[in-house]
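Listed below, chain by chain, are the residues.
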Amino acid sequence: MAKKKATKKVAKKATKKATKKVAKKATKKVAKKATKKAAPKATKKVVAKATKKAAAPKVKVKRKPNPAFMKALTPSKELAVVVGAAPLPRTQVVKKIWDYIKKNNLQNPKNKRNILADGNLKQIFGKSEITMFELASIVGKHLK
C-alpha cells in the first residue's frame, strides 16, 4: 500500500508539473501571437511615416483643356451684340455673358440661379428668364 501511495504522490506531482509547463507554453504562445499581430501594424505605421517623409513632393502637372472647348467659334449677330464679333472659344463666350449679366444686374434677386433677360439677351434666349443651367445649351446654338 505504501508503494501505491508513493506512486500516487509522484503521479500528482508529475501532473502538476506538466500542467504548469503546459500553462507556461500556452501563455508564451499567446504572448507571441499578440506581439506578432501588433508588431506588423506598428511597423507598417512607422514605415508609412518614413516613406512619406522620404518621398519627394509631387510636381503638379498643369491641366490641358479639351481642344473642343478651346476652338474659336464665330458668334451669331444676336450674340455678337453681347460678346463681340470676334471668334472666341465657348468658355470665353460664357464668361463674357456672365460678365454682362453681372454688370447689368440681370440675376433674379429671389433666385440667383435664374437670369433675367434684357433686350439684348432676350434675342439670344428667346424668353424673358432662363436658368443658368440652360445658358450653355442656348449659347451653343448661337456659335458656328
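Structure first, text after, so check above.
About the cut-offs
Residues numbered from 1 in each chain as written. Predicted model: local features only at pLDDT ≥ 70, side-chain atom pairs only at ≥ 80, totals over all residues. Heavy atoms only, no water. Axes fitted to C-alpha atoms, helices over the stretch in contact; angles between N-to-C directions. Helix = DSSP H or I, 4+ residues; strand = E, 2+ residues; numbered from the N terminus. Parallel < 35°, antiparallel > 145°, perpendicular 65-115°, else oblique. Left-handed = near helix turned anticlockwise from the far one by under 90°. Contact = heavy atoms within 4.5 Å. Nonpolar A, V, L, I, M, F, W, Y, C, P; charged D, E, K, R; others polar. Salt bridge = Lys/Arg side-chain N within 4 Å of Asp/Glu carboxyl O. Buried < 20%, exposed > 50% of the residue type's maximum accessible area, 1.4 Å probe, protein only. Arc of directions from axis to C-beta.

Student: What is the right way to look at the packing of helix α4 (residues 90–103) against helix α6 (residues 132–141) in this model?
Tutor: Where α4 contacts α6, the two axes come as close as 11 Å, and the packing angle between them is 125°. Considering the angle they form, α4 stands oblique to α6. Note on packing geometry: the crossing formed by α4 with α6 is right-handed. Where α4 abuts α6, its residues R90, V93, V94, I97 and W98 lie against M132, L135, V139 and G140. Here the contact of α4 with α6 is built from residues that sort into seven nonpolar, one polar and one charged.

Student: Help me understand the environment of P67 in this model?
Tutor: For P67, the position within the fold is in helix α2 (residues 67–70). When the C-alpha positions of P67 and P89 are compared, they lie 9.6 Å apart, and in sequence the two are 22 residues distant.

Student: Mind showing me how you'd approach the pattern of salt bridges here?
Tutor: Side-chain pairs of opposite charge can arise where the charged atoms are in close proximity. Taken as a whole and judged by the stated rule, the model has one salt bridge. Residues E134 and K127 are paired through a salt bridge, measuring 3.0 Å at the closest nitrogen-oxygen approach. By relative accessible area, which is 26% here, E134 ends up partly exposed.

Student: What exactly am I supposed to notice about α6 here?
Tutor: Two residues of an α-helix separated by three or four positions point the same way, owing to the 3.6 residues in each turn. Among all positions in α6, only L135, I138 and V139 are buried. One side of α6 holds all its buried residues, which, seen down the axis, span an arc of 100°. For α6, exposure combined with an orientation more than 90 degrees from the buried face picks out F133, A136 and K141. Looking at the buried positions of α6, the neighbouring elements they touch are α3 (77–83), α4, β1 (114–116), α5 (119–125) and β2 (129–131).

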